[in-house]
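The residues making up each chain are set out below.
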Amino acid sequence: MIRTLFESPSTYRPTAAEMAAPPPEVEAVLFDFSNTIFQMIDLETWLRRVGETSGRLALLDEPGAVAEISRQLREAFRLPAVVALQEGRDLSPERHRLAMIGWWRHADFLRGAEEEAYGQLTAPDAWIPYPDTGPTLYALRDRGLRIGIVSDFAWDLRTHLAHHGLEDLFDGCVISYEQGREKPDAQLFLKACAGLGADPAPRSWSATIRSATAARPPADCAPTSSRPRTAPANAVCPTSSGS
């Protein structure tokens, strides 16, 4: 059973050599947004919000209802037609909406309530920071580091930052739908680093993930969600003297 609408495991693991190398001096940190510093509300909470706005809330009180919706969503996401819709979905709000509706129509509870579902997906309070996000951002600020976001996202994620009072902690935000590009397009990272006034130094990006992690609170500050979480920083822009 899936417990959140979006589940994406980390696809990058630093090598032993990268972990052992001394980190270069860091002047700025770039974060991903989804599953890194923010997460979507859990699946049942989202479904109940959809139920409230579509008049279907009572259906969720039937035994096993949420588990069955979860099963249908999981199976539908494997369908070739649904998979094809996800290609380039974060390049525009329109493509993302079509990708979501094309997926959700395979779940009985969501069929016919796709617009309400999308509204609850993009609501300001539908995305919440991990418990350690705030402390991490403030710790980086205390060190005098500039902070940015590079994210594949199909609407203005700044609304979620603002809802939780965190928008002023970021010096820049590069979002795929605004740029017409998706990661791993290097232009997104180059633009973000330029906006922060930091040398991108590509040879140092992967090595400096380790130094960014060192700024985080202890491991016991774990997210409460069961969703796999990506690395805390996608890339770090070191100074030009970084190795």
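Cut-offs applied
- Residues numbered from 1 in each chain as written.
- Predicted model: local features only at pLDDT ≥ 70, side-chain atom pairs only at ≥ 80, totals over all residues.
- Heavy atoms only, no water.
- Helix = DSSP H or I, 4+ residues; strand = E, 2+ residues; numbered from the N terminus.
- Buried < 20%, exposed > 50% of the residue type's maximum accessible area, 1.4 Å probe, protein only.
- Contact = heavy atoms within 4.5 Å.
- Areas by Shrake-Rupley, 256 points an atom, 1.4 Å probe, with all protein chains shown as cover.
- Axes fitted to C-alpha atoms, helices over the stretch in contact; angles between N-to-C directions.
- Parallel < 35°, antiparallel > 145°, perpendicular 65-115°, else oblique.
- Left-handed = near helix turned anticlockwise from the far one by under 90°.
- Arc of directions from axis to C-beta.
- Polar contact = N/O pair within 3.5 Å; in protein donor to acceptor, adjacent residues only side chain to side chain.
- Core = buried A, V, L, I, M, F, W, Y, C linked by side-chain atoms within 4.5 Å.
- Salt bridge = Lys/Arg side-chain N within 4 Å of Asp/Glu carboxyl O.
- Pairing = 2+ DSSP bridges.
- Right-handed = clockwise from strand over helix to strand, strands pointing away.
- Phe/Tyr/Trp six-rings, centres within 6.5 Å; stacked < 30°, edge-to-face > 60°.

Things to note about the overall build of the protein
- From N to C terminus, the protein includes 11 helices and 6 strands.
- Here the protein holds 243 residues, and the buried ones make up 46% of them.
- Relative to all contacts within the protein whose residues are 6 or more apart in sequence, the contacts with residues 24 or more apart total 77%.
- Counting every atom, the protein has about 11,300 Å² of accessible surface; 54% of that belongs to carbon and sulfur.

A closer look at the packing of helix α2 (residues 43-54) against helix α6 (residues 114-122)
- Running from amino to carboxyl end, α2 crosses α6 at an angle of 130 degrees, the nearest separation of the two axes being 9 Å. Here α2 lies oblique to α6, going by the angle between them. Crossing hand, α2 versus α6: right-handed. Where α2 abuts α6, its residues W46, R49, V50, T53 and S54 lie against E116, A117, Q120 and L121.

Overview of helix α7 (residues 133-142)
- When α7 is considered as a whole, its buried residues turn out to be T133, G134, T136, L137 and L140. When α7 is viewed along its axis, its buried side chains cluster within an angular range of 165 degrees and face the same direction.
- Elements in contact with the buried residues of α7: β1 (26-31), β3 (127-129) and β4 (146-151).
- Directly after α7, the chain includes G144, whose backbone phi takes a positive value near 80 degrees.

Digging into helix α10 (residues 186-196)
- When α10 is considered as a whole, its buried residues turn out to be L188, F189, A192, C193 and L196. Taken around the axis of α10, the buried residues stretch over an arc of 125 degrees, which confines them to a single face. In this structure, α10 carries A194 and G195 as exposed residues pointing more than 90 degrees from its buried face.
- The opening residue of α10 is D185, an N-cap whose side-chain oxygen sits 2.8 Å from the backbone nitrogen of Q187.
- The positive-phi residue at the C-terminal boundary of α10 is G197, with phi of around 70 degrees.

What about the nonpolar core?
- F33, W46, L47, W104, L110, L121 and W127 are the most contacted members of the largest nonpolar core, which totals 46 residues.
- Residue contacts for F33: discarding those within four places in its chain leaves F38, W127, I149, S151, F153, L157, H160 and L161.

Points about the pattern of salt bridges
- Taken as a whole and judged by the stated rule, the model has 13 salt bridges.
- Taking the shortest distance from any N to any O, the salt bridge between R71 and E68 comes out at 2.5 Å. On the criterion of helical spacing, the pair formed by R71 and E68 is a turn pair, its members being 3 residues apart in helix α3 (residues 65-76).
- Here E115 and R97 are joined by a salt bridge, their closest N and O atoms 2.6 Å apart. With E115 in helix α6 and R97 in helix α5 (residues 93-104), this residue pair connects regions lying 18 residues apart in the sequence.
- Beyond isolated ion pairs, a larger network of salt bridges with shared partners links E44, R48 and D61.

With respect to the pairing of strand β5 (residues 172-175)
- Taken together, the 4 bridges between β4 and β5 define a ladder with parallel strand orientation. Across the sheet, residue G148 finds its bridge partner in β5, namely G172.
- With helix α8 (residues 158-163) bridging β4 and its parallel neighbour β5, the resulting β-α-β unit is right-handed.

Here's the deal with the side chain of H96
- Mapped onto the elements, H96 comes out in helix α5.
- Since its relative accessible area comes to 3%, H96 is described here as buried.
- If sequence neighbours within four positions are ignored, H96 has contacts with R89, D90, Y118, L121, A154 and W155.

Quick word on the packing of aromatic side chains
- Applying the stated criterion across every chain, the model contains 10 aromatic pairs.
- Between F33 and W127 the ring centres are 6.0 Å apart and the planes differ by 40 degrees, which places this aromatic pair in the tilted class. Of this pair, F33 sits in the loop between β1 and β2 (38-40) while W127 is found in strand β3, placing the two residues 94 residues apart along the sequence.
- With a centroid separation of 6.3 Å and an interplanar angle of 70 degrees, the aromatic rings of Y118 and W155 are classed as edge-to-face. Placement of Y118 in helix α6 and of W155 in the loop between β4 and α8 is noted, with a sequence separation of 37 residues between them. Here the two residues Y118 and W155 agree in accessibility, since each one is buried.
- Connected via pairs of aromatic rings, a cluster forms that spans F33, F38, W46, W104, Y118, W127, F153 and W155.

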